[in-house]
Amino acid sequence: MSVTQPAAERVRVSAEPDWYESAGISLGIRVGNLVFTSGQAPIDAQGATVGPGDFETQARQALANLSTVLTNAGSSLADVVKATVFVTDIAQQDIFAKLRAEHFPDKPHLAESFVEVSSLANPEWMIEIEAIGLVR
């Protein structure tokens, strides 16, 4: 015997302005009570890089963008269960640990992967963050 359930609806998450619309990708997708974000970069609402050469400034901007996407989907940073952080220099881990404690203080701690990559979509970017969050 098999049970067939209808597929959950995929809902695009956007912002005004939507800084990823021109790239042909969604800021995030909500499926049921889960939100899957695209990697959030250190860019302002017009797509300009924030803080070239300054990891902490870039990380704060990426976290602010992540917060906006999650909020627009009915979630929040407090509802993140999994994050993947891509950095171009693994030595920045201590700085990000400080920011993680500020932005994700609740327990249980979120699940996270912290990964060094050779480059990101824009050579000025030092960090990109994607996440999965809950909608309560």
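**Brief notes about the environment of Gln 58**
In this structure, Gln 58 sits in helix 1 (residues 55–72). A C-alpha to C-alpha distance of 7.8 Å links Gln 58 and Ala 41, two positions 17 residues apart in sequence. If we skip the residues at most four places from it in the chain, Gln 58 touches Pro 42, Thr 49, Val 50, Gly 51, Pro 52, Gly 53, Glu 124, Trp 125, Met 126 and Ile 127. A polar side-chain atom of Gln 58 sits 2.7 Å from the main-chain amide nitrogen of Met 126.

**With respect to the packing of aromatic side chains**
Applying the stated criterion to the full structure yields one aromatic pair. Between the aromatic rings of Phe 96 and Phe 114, the centroid separation amounts to 5.8 Å while the plane-to-plane angle is 40°, which identifies the pairing as tilted. Separated by 18 residues along the polypeptide, Phe 96 in helix 2 (residues 93–103) and Phe 114 in strand 5 (residues 111–116) bring together distant segments of the chain. By relative accessible area, which is 2% here, Phe 96 ends up buried.

**Quick notes on the pairing of strand 2 (residues 28–31)**
One ladder, built from four bridges, connects strand 1 (residues 10–13) with strand 2; its direction is antiparallel. Across the sheet, the residue bridging to Val 11 is Arg 30, located in strand 2. Relative to strand 3 (residues 34–37), strand 2 is paired through four bridges, and the arrangement is antiparallel. Looking at the pairing, Val 31 lines up with Leu 34 of strand 3. Where strand 2 folds back onto strand 3 in an antiparallel hairpin, the turn is made up of two residues, including Gly 32, whose phi is positive at roughly 60°.

What counts and what doesn't
As a convention, each chain's residues are numbered from 1 in the sequence order in which they are written. Under the rules for a predicted model, residues below a pLDDT of 70 receive no local features and side-chain atom pairs below 80 are neither given nor counted, while totals for whole chains, interfaces and linings still include all residues. Side-chain numbers come from the whole structure's heavy atoms, not from hydrogens or water. Secondary structure is summarised from DSSP: a helix means a run of H or I of at least four residues, a strand means a run of E of at least two, and numbering begins at the N terminus for each. We call two residues in contact whenever any of their non-hydrogen atoms come within 4.5 Å of each other. In protein, a polar contact means a hydrogen-donor-capable atom and an acceptor-capable atom, both N or O and within 3.5 Å, with residues adjacent in sequence counting only if both atoms are side-chain atoms; elsewhere, any N or O pair within 3.5 Å suffices. In this analysis, rings of Phe, Tyr and Trp, with Trp reduced to its six-membered ring, are considered paired at centre separations within 6.5 Å, and the interplanar angle assigns stacked below 30 degrees, edge-to-face beyond 60, and tilted for intermediate values. Throughout, exposure labels follow a simple rule: accessible area from a 1.4 Å probe, protein chains only, divided by the maximum for the residue type, with under 20% read as buried, over 50% as exposed, and the rest as partly exposed. For two strands to be treated as a pair, DSSP must find at least two bridges joining them.

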